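Each chain, written out:
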Amino acid sequence: MEYFKSGLKSVLGAPPPGTQITGAETVEKLVSRVSTSTLLEDRRDACRALKAMSKQYRLEVGAQGMDILRQVLELDRNDCEITGYCLDALCNITSKEVFEDENQSNMNMAVNVGEQFSEMFLKNQENVSLVLSFLDEYDFRVRWPAVKLLTSLTTCKLKEIQDIILVSPMGVSKLMDLLSDNREVIRNDALLLLINLTKSNANIQKIVAFENAFDKLLNIITEEGYTDGGIVVEDCLLLMLNLLKNNTSNINFFKEGSYIQKLAPMFILPDNLEEVGWSPQKISNFHCVLQLVRTLVSPNNPAQIITSCQKTLRDAGLLESLCNILMASGVPADILTETINTVAEVIRGNLTNQEFFANVLAPSNPPRPALVVLIMSMVNEKQPFALRCAVLYCFECFLYKNEIGQDLVVQTLLPSSTGNTTVTAGQLLCSGLFSNDSLSNWFSAVALSHCLIENPAQKEQLLRVLLATNLGAQPVTLLNQCGVFLQHTSKLQAKLGILMLLSMWMAHCPAAVKIFLNVPGAMAFLTAQTSASEFDNNEELLQGLCAFIMGLCVLFNDNTVQNYSKENLSQLIEKRVCIETYCKKLNEISRHEVYAKAAKQPQIKAKHSSELLLEFEFCKLFKVMEGLIIQALGVQRDLSNGISELSLSEHENALLLQYKELIRDQDKKLQDLQRKFNHLQKECNDLQTQVEELQQTNTQLVDQNTLLKVQLSTANTSHVTNIIHEVKSMSPESAEPYPVFIHGNNDLLLDRIKKLEADNERLEKVESELAEKTSELESYQRDQDDLLELLTAQDTKLNKFKERLRQLGALSRSDESSSDLSDNDNDRDSGPSLL
Amino acid sequence: MSYAYLFKYIIIGDTGVGKSCLLLQFTDKRFQPVHDLTIGVEFGARMITIDSKQIKLQIWDTAGQEAFRSITRSYYRGAAGALLVYDITRRETFNHLTTWLDDARQHSNSNMVIMLIGNKSDLESRREVKKEEGEAFAREHGLVFMETSAKTAANVEEAFINTAKEIYEKIQEGVFDINNEANGIKIGPQHSPTNPSLPGAGGSGGSQGSACC
Ligand SMILES: Nc1nc2c(ncn2[C@@H]2O[C@H](COP(=O)(O)OP(=O)(O)O)[C@@H](O)[C@H]2O)c(=O)[nH]1
Ligand SMILES: [Mg+2]
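The model shown is predicted, which means the values in this text are computed figures rather than measured ones. Here, residues in each chain are numbered from 1, in the same order as that chain's written sequence. Think of it this way: whatever chain is written first is A, whatever ligand is written first is 1, and the rest follow in order. Local features in this predicted model are restricted to residues whose pLDDT is 70 or higher, and side-chain atom pairs enter the listing and the counts only when it is 80 or higher, whereas totals over whole chains, interfaces and linings include all residues. Heavy atoms from the whole structure form the basis of all side-chain values; hydrogens and water molecules are not counted.

What exactly am I supposed to notice about the overall build of chain B here?
Under the DSSP-based scheme used, a helix requires at least four consecutive residues in state H or I and a strand at least two consecutive residues in state E, with every element numbered from the N terminus. Within chain B, the secondary structure is distributed over six helices and seven strands. Start at the N end of chain B and walk to the C end: the helices and strands fall as β-α-β-β-α-β-α-α-β-α-β-α-β. Relative accessibility decides the category of a residue: with a 1.4 Å probe and only protein chains considered, values under 20% of the type maximum give buried, values over 50% give exposed, and everything between is partly exposed. Within chain B, the proportion of its 213 residues that are buried is 54%. We call two residues in contact when some of their heavy atoms are within 4.5 Å. Considering only contacts within chain B whose residues lie at least 6 apart along the sequence, 73% involve residues at least 24 apart. Entry remark: accessible area of chain B is about 9,200 Å², with carbon and sulfur atoms responsible for 50%. Only the protein chains shown count as cover for residues, and the accessible areas themselves come from Shrake-Rupley with a 1.4 Å probe.

Hey, could you run me through the overall build of chain A in this one?
A tally of regular secondary structure across chain A gives 41 helices and four strands. Each of the 835 residues in chain A was classed as buried or not, and the buried ones make up 49%. Within chain A, counting contacts between residues at least 6 apart in sequence, those at least 24 apart form 72% of the total. Carbon and sulfur atoms form 52% of the exposed surface of chain A, whose accessible area is close to 40,400 Å².

What's the story with empty space enclosed by the protein in this structure? I'm lost.
In this approach the atoms are scanned with a rolling probe the size of a water molecule, which exposes any empty space left behind. Residues and elements named next belong to chain A. Grid spacing is 1 Å over the protein atoms alone, the probe is 1.4 Å, and a cavity is where that probe fits but cannot get out, while a pocket is an open set with protein on both sides within 12 Å along at least five of seven lines and lining residues have an atom within 4 Å of a point. Grid points are joined across faces, edges and corners, and a volume is the space filled by probe spheres set on the points. One pass over the structure, following the stated rule, counts seven cavities of 30 Å³ or more. For the largest cavity, the calculated volume is near 60 Å³. As for the largest cavity, its lining consists of Arg348, Tyr393, Glu396, Cys397, Tyr400, His450, Pro602, Glu615, Phe616 and Glu617. Elements supplying a minimum of two residues to the lining of the largest cavity: helix 24 (385-399) and helix 37 (616-640). A per-element tally of the lining of the largest cavity places helix 24 first, with three residues.

Whenever I open this one, the site of ligand 1 confuses me. Can you help?
Residues and elements named next belong to chain B. Taken together, 20 residues lie near ligand 1, and Gly16, Lys19, Ser20, Asp122 and Ala150 sit nearest. Throughout this description, a polar contact denotes any pair of N or O atoms lying within 3.5 Å of each other; where both atoms belong to protein, one of them has to be capable of donating a hydrogen while the other can accept it, and for residues adjacent in sequence the pair is counted only when both atoms sit in side chains. Here Ala150 contributes a backbone N or O atom positioned 2.7 Å from an oxygen atom of ligand 1. Contact with the protein chains removes 90% of the 580 Å² of surface that ligand 1 exposes when unbound. The element that contributes the greatest number of residues to the shell around ligand 1 is helix 1 (residues 19-28), accounting for three residues. Throughout, the ten residues Ala, Val, Leu, Ile, Met, Phe, Trp, Tyr, Cys and Pro are labelled nonpolar, Asp, Glu, Lys and Arg are labelled charged, and all others, Gly among them, are labelled polar. Within the shell around ligand 1, the residues separate by chemical class into six nonpolar, nine polar and five charged. One heavy atom within 4 Å of a molecule or strand is enough for the residue carrying it to be called near that molecule or strand.

In this structure, what is going on with unusual backbone geometry? I would like to understand it.
A negative phi angle is the norm for most residues apart from glycine, just as the trans form is the norm for most peptide bonds. With an omega of -5°, the peptide bond between Asn365 of chain A and Pro366 of chain A qualifies as cis. Mapped onto the elements of the fold, Pro366 of chain A is located in the loop between strand 1 (361-362) and strand 2 (368-369). Notably, Glu454 of chain A is not glycine yet its phi reads approximately 50°, a positive angle. Positionally, Glu454 of chain A belongs in the loop between helix 27 (438-450) and helix 28 (456-463). At Lys29 of chain B, a residue that is not glycine, the phi angle is positive and equals roughly 55°. Relative to the helices and strands, Lys29 of chain B is located in the loop between helix 1 and strand 2 (42-50). Residue classification places Lys29 of chain B among the exposed residues on the basis of a relative accessible area of 54%.

Honestly, the environment of Thr154 of chain A in this entry has me stumped. Any pointers?
All names here are of chain A. Here Thr154 lies in helix 8 (residues 140-156). For Thr154, a relative accessible area of 4% translates into the label buried. With 59 residues separating them in the primary sequence, Thr154 and Ser95 have C-alpha atoms 9.7 Å apart. Within polar-contact distance, the side chain of Thr154 engages the backbone oxygen of Thr151 at 2.5 Å.

Honestly, the environment of Met176 of chain A in this entry has me stumped. Any pointers?
Residues and elements named next belong to chain A. Mapped onto the fold, Met176 is located in helix 10 (residues 171-177). Take Met176: its relative accessible area is 0%, and that puts it in the buried class. Separated by 272 residues in sequence, Met176 and Leu448 place their C-alpha atoms 50 Å apart. When near neighbours in sequence (up to four residues on either side) are disregarded, Met176 contacts Leu194, Val208, Glu211, Ala213 and Lys216.

Looking at this model, I keep getting lost on the interface of chain A and chain B. Mind explaining?
In many analyses, interface size is given as the accessible surface area lost on bringing the parts together. Contacts between the two partners involve 19 residues from chain A, matched on the other side by 24 residues from chain B. Two parts lose some accessible area (1.4 Å probe) when they are put together, and adding that loss for both gives the buried area. Between chain A and chain B, a total of about 2,000 Å² is buried, with carbon and sulfur atoms accounting for 49% of that surface. The three residues of chain A that bury the most area against chain B are Met170, Phe210 and Glu256 of chain A, which together make up 31% of that side's buried surface. Definition used for salt bridges: Asp or Glu carboxyl oxygen within 4 Å of a side-chain nitrogen of Lys or Arg. Linking chain A to chain B there are five salt bridges.

Is there a simple way to explain the packing of aromatic side chains in this structure?
Aromatic rings considered in pairs are described by the distance between their centres and by the relative angle of their planes. Two rings belonging to Phe, Tyr or Trp (six-membered ring only in the last case) form a pair when the distance between their centres is within 6.5 Å. Interplanar angles under 30 degrees mark stacking, angles over 60 mark edge-to-face geometry, and anything in between is tilted. Under the defined criterion, the tally for this structure stands at 27 aromatic pairs over all chains. With a centroid separation of 6.1 Å and 75° between ring planes, the pair formed by Tyr5 of chain B and Tyr168 of chain B is classed as edge-to-face. Placement of the pair is Tyr5 of chain B in strand 1 (residues 5-12) and Tyr168 of chain B in helix 6 (residues 156-172), with a sequence separation of 163 residues. In terms of burial, Tyr5 of chain B and Tyr168 of chain B fall into one category: buried. Three or more aromatic residues joined by ring pairs form one cluster here, namely Phe210, Phe214, Phe253, Phe254 and Tyr259 of chain A together with Phe43, Trp60 and Tyr75 of chain B. The rule is short: NZ of Lys or CZ of Arg within 6 Å of the ring centre and within 35 degrees of the ring normal puts a charge over the ring. Above the face of the Trp144 of chain A ring, Lys148 of chain A is positioned so that its terminal group lies 3.7 Å from the ring centre. If you follow Lys282 of chain A out to its NZ or CZ, it ends over the ring of Trp278 of chain A, 5.7 Å from the centre.

What is the right way to read helix 6 of chain B from this model?
The α-helix advances 3.6 residues per turn, and as a result positions three or four apart in sequence lie on the same side. For a helix, the expected span equals 1.5 Å multiplied by the residue count minus one. Taking 1.5 Å of rise per residue, 17 residues should cover 24 Å, and helix 6 of chain B covers 25 Å from first to last C-alpha, within 8% of that figure. All of the buried residues along helix 6 of chain B are Val156, Ala159, Phe160, Ile161, Thr163, Ala164, Ile167, Tyr168 and Ile171 of chain B.

When you look at a negative patch on the surface in this model, what are you seeing that I'm missing?
Residues and elements named next belong to chain A. For patch detection, residues must exceed 30% relative accessible area and be free of salt bridges, and they are connected within 9 Å for like charges or within 5 Å for nonpolar side chains (Val, Leu, Ile, Met, Phe, Trp, Tyr). The charge count treats Lys and Arg as positive and Asp and Glu as negative. His and the chain ends do not count. All charge positions are set by atom: Lys at NZ, Arg at CZ, Asp at CG, Glu at CD. Together, Glu757, Glu761, Glu764 and Glu767 give the surface a local cluster of negative charge. Among the secondary structure elements, Glu761 is positioned in helix 40 (residues 737-807). Judged by relative accessible area, which is 58%, Glu761 ranks as exposed.

Got a minute to help me understand the nonpolar core in this structure?
Soluble globular proteins tend to bury their nonpolar side chains together. To form a nonpolar core, buried Ala, Val, Leu, Ile, Met, Phe, Trp, Tyr and Cys residues must be joined to one another through side-chain atoms within 4.5 Å. Counting 250 residues, the largest nonpolar core has Leu175, Phe267, Phe357 and Leu614 of chain A as the members making the most contacts within it. Residues lining this core come from more than one domain, with at least three contributed by each of domain 1 (1-172) and domain 2 (417-641) of chain A. Counting 35 residues, the second largest nonpolar core, distinct from the first, contains Ala4, Ile161, Ala164 and Phe176 of chain B. A domain assignment, automatic or from a database, supplies the domain bounds used here.

Any chance you could explain the confidence of the model for chain B here in plain terms?
One rule of thumb: low pLDDT means the predicted coordinates there are not for detailed reading. Residues and elements named next belong to chain B. Values of pLDDT, ranging from 0 to 100, describe the predictor's confidence in every residue of the model. Averaged over all residues, the pLDDT of chain B is 85; the fraction at 70 or higher stands at 82%. Here residues 193-213 is modelled with pLDDT under 50, and outside its nearest four sequence neighbours on either side it reaches 14 contacts, counting other chains as well. Two summary scores accompany this predicted model of the complex, namely pTM at 0.76 and ipTM at 0.84.

What is the right way to look at the packing of helix 29 (residues 478-488) of chain A against helix 30 (residues 492-506) of chain A in this model?
Axes are the key here: two packed helices are described by the angle between their axes and the distance separating the axes. Residues and elements named next belong to chain A. Each axis is a line fitted through C-alpha atoms, and for a helix only the stretch in contact is used; angles between axes span 0 to 180 degrees, taken between their N-to-C directions. In contact at an axis separation of 10 Å, helix 29 and helix 30 are set at 145° when each is read in the N-to-C sense. At the point where helix 29 passes helix 30, the crossing takes the left-handed sense. Residues Leu478, Leu479, Cys482, Phe485 and Leu486 of helix 29 lie in contact with helix 30, whose contacting residues are Ala494, Lys495, Ile498, Leu499, Leu501, Leu502 and Trp505. Left-handed is the label given to a crossing in which the near helix is rotated counterclockwise from the far helix by less than a right angle, and right-handed is the label when the rotation is clockwise.

Would you take a moment to explain the packing of helix 2 (residues 23-36) of chain A against helix 4 (residues 58-75) of chain A for this structure?
All names here are of chain A. One way to put it is that helix 2 packs onto helix 4 with a least axis distance of 9 Å and a crossing angle of 10°. Put simply, helix 2 runs roughly parallel to helix 4. Our pair here, helix 2 against helix 4, has a crossing hand that is left-handed. Note on element contacts: helix 4 touches helix 2 through Glu60, Val61, Gln64, Gly65, Ile68 and Val72, opposite Ala24, Val27, Glu28, Val31, Val34 and Ser35. Any angle from 65 to 115 degrees is called roughly perpendicular, while one under 35 is roughly parallel, one over 145 is roughly antiparallel, and all others are oblique.

Would you explain the pairing of strand 3 (residues 53-61) of chain B in this entry?
All names here are of chain B. Most of strand 3 is tucked away, with eight of its nine residues classed as buried. When DSSP finds two or more bridges between a pair of strands, those strands are recorded as paired. Strand direction decides the pairing type here: strand 1 and strand 3, joined by seven bridges, are parallel. Note on strand 3: the bridge partner recorded for Tyr5 is Ile55. Linking strand 2 back to strand 3 in an antiparallel pair, the connection comprises two residues, with Asp51 at a positive phi of about 55°.

Before we go on, may I ask you to explain helix 2 (residues 69-76) of chain B in this structure?
Most of helix 2 of chain B sits out of view: seven of its eight residues are buried. For helix 2 of chain B, the complete set of buried residues consists of Arg69, Ser70, Ile71, Thr72, Ser74, Tyr75 and Tyr76 of chain B.

Mind showing me how you'd approach the pattern of salt bridges here?
Oppositely charged side chains can pair when the atoms bearing their charge come close. Residues and elements named next belong to chain A. For the coordinates displayed, the defined rule picks out 46 salt bridges over all chains. Here Asp88 ties to Lys148 by a salt bridge, and the two come within 3.9 Å at their closest N and O atoms. Of the two residues, Asp88 is situated in helix 5 (residues 80-94) and Lys148 in helix 8; the sequence distance between them amounts to 60 residues. Overall, Lys148 belongs to the partly exposed group, its relative accessible area being 25%. A network of salt bridges, in which partner residues are shared, links Glu41, Arg44, Asp45, Arg48, Asp79 and Glu81.

The structure is reproduced here in structure tokens:
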């Protein structure tokens, strides 16, 4: 600080003794020095001083100096030193960071100053082109701060700068050239800049890839020693990740360009790894590289891309390396977990890869299939939760579209495999299914259900599985045991697991339904759950699932079990449960947030074990079956209570039709109004945000205005008196320029103020517009209310008519109940077809 | 698969002239009649043989919309070849060629090979631009010219391969600096620049023999 002050003294000359100059005044003097000095030397010194003050007095330097700094960049661009100072100063001013010694006393903390200055700087696109042009300068004093300034701008205003760079000629190309800079600092900072710039912008991602990014990055990674390298390796990988994530075009390029092969060395663990251990940086690097592989084969990608990437990954030996890591010792748990997830997606739905995986052996004694060892961990309470989830995902991916794999697992459960002493996947799952650990129950049930997906043969096969129960009693079937366990276990997670397994099993499998219907107490249990009127935490899921299974029992019933025929069960649902309650319970499932979360992606994503309730493939099944069940129940009902409009007299029928028509019309109107209402609401919201934005700009402008006024007043008090003094002492003709200078300054201010006024006017206009829209909205709302009232009136009338019809003895009960149902049912868009 | 050279191409021209279809026909040998607007740039690759050498083509399909023009510009510098496409059934796409060409010439390296393509030659009955006009334009601006149909595949192979031949010849003549990857040409992994079968690439870049992978 002392040095700095003495530096200032030498720039500005010592202040007259006894006067205390403020930061603002110093900045002001420096700015005027830069703008008036004719000597480059002087301007350079002043800029150096401005740079030095740009952290502590950021507000002052930014408000008073931004324009002049920009001007210097244009006019003195041939001098690397002064250019460097200016870029550095701008970098500090626009930084999002709040500096340690920053003078914050008179600052409105609600706004980020750096962000505001960034915005001001970006207002003029030319400014970015100007900074980009400095990347062509090789001199370290220029190129480095230019990179830093751009980075600083991206952290504050990413979208804006992305758009500008995209339309700047050679913008991205220039940045890419920086990756070849032999000065590491520049190269590394350019990496950070590119990581920011490529965030969710497909066009920049593609251009960066086109500019040989993958070659350059892989070269750097290789030079730095692959995953053993420092944070630069991580940065390179993060940039590659940005380029590939959700970018089909780039993934295609990555694959076609044989870059997958170049990743291979990173997956080979050195022999001495156990001694050296995993450094935190190595763990980070490894994580990134695993993410990279997952991005290529993510289930969200187009199927064609996934398949070809999977093939390439296998051919390049990456699948093998990944499997080796799975079985290696000393791998940190989170790396192991992520490796399992990666293997999962590399094999998912790819038969060859799945076969390869099935044949991987663990180096245990005796050697066991890796698959078995993994499942052991899944049903082991002591293993970390994330790891157990990953194993389930991997197992699911192994079975996905893999009939051979499904058969392989189910086979290990069948009685025929005699005298086999080795542990099998099937056995592990079976004991997990009925163990005391509810999480194991859930994992095992879901795993088993994946053996049955779209595979009728395995559903039949699994029916043959027999379990020995205690004390030499008769063996029972697996399905039977599921039905018994369901009633006995008290844990929700276990119940849901079993129910999901049962539903997968019973869908399209009448034989399974038959066995289930014969399980003592099973139907009573389902009925009780489905008709229960209260529920605790998440129990609505249980009740919904029970309803679902009941529905499947109706749907896939071959009428061979006495008292539980299709007809009987529909009656049961209608009489005991009541169809409305039933539909409501079924509905609870798809409306539950747990459902929405599970249905999103195949991978199980949960932070805590209690979140594991529903699962992806079950959700898919539910979605398909729900409609079929409702339909089946509806059809049944019509058959049993087959009274239709035929039994009404012609006149009554005509009347009925008339009303139907009326209701339909009103329904349509209601919907239209609703739509209009939504539209207006949206408009209203938009306007509101607009107003807020304008208000914000306004306050910003007011702030600026204040600042400018301060500047003006200082100018008026100190400067002006001085100047006037000087003017007086000078001859009239030489005094000319000074008033002009003040005048010019004033003009600038007046201009700004005028702009502010214009902005205010605009704001007012928007506000009045908003008021107008709001009143319009209100009137629509009133209209809607009126219509609703009308509808109620019509409804009453209709009911009266129905009553009359009933008195005439013609209208059936079922018609009545169906119209009641649809009345309560506005949220399901059963719309016009309600009678 | 190994290759002797890799060439980067871009396909440019107005929206709807058939750029995406040409790429798909060349890489996948199929025609997709549905028109979907290319957002940004798509990518395709294929191996061809010239002079009994394997050559890999990497092709970027650009968006033709005016609004994306500035984005397209970013691709010129790094491309060795460009297919400039118009639609023979829509005169305005032919009229816009000069703008495209100016853009390309201004932003590309001077050696980029540009092939002019009149696409949709199967739609003879709706033709608005005579073949002679295309030929004349090409002659005037020093381009190679061809009429193609992405639908019937007529001349599609030829268009891509002839462009590659032209680039290959330029390399043989030593015009292209093959050590500078920014020109859109890469030498295959096992073909080091010192390989005697290749010309010693007129040493404009001082950094010779940039230790090959
Ligand atoms: N008849 C015919 N139609 C074509 C041909 N090439 C493209 N099209 C059609 O022209 C339309 C635009 O093609 P597209 O490749 O998307 O144009 P792009 O915008 O330049 O990529 C599509 O409807 C194509 O089916 C062609 O050679 N013959
Ligand atoms: Mg297209």
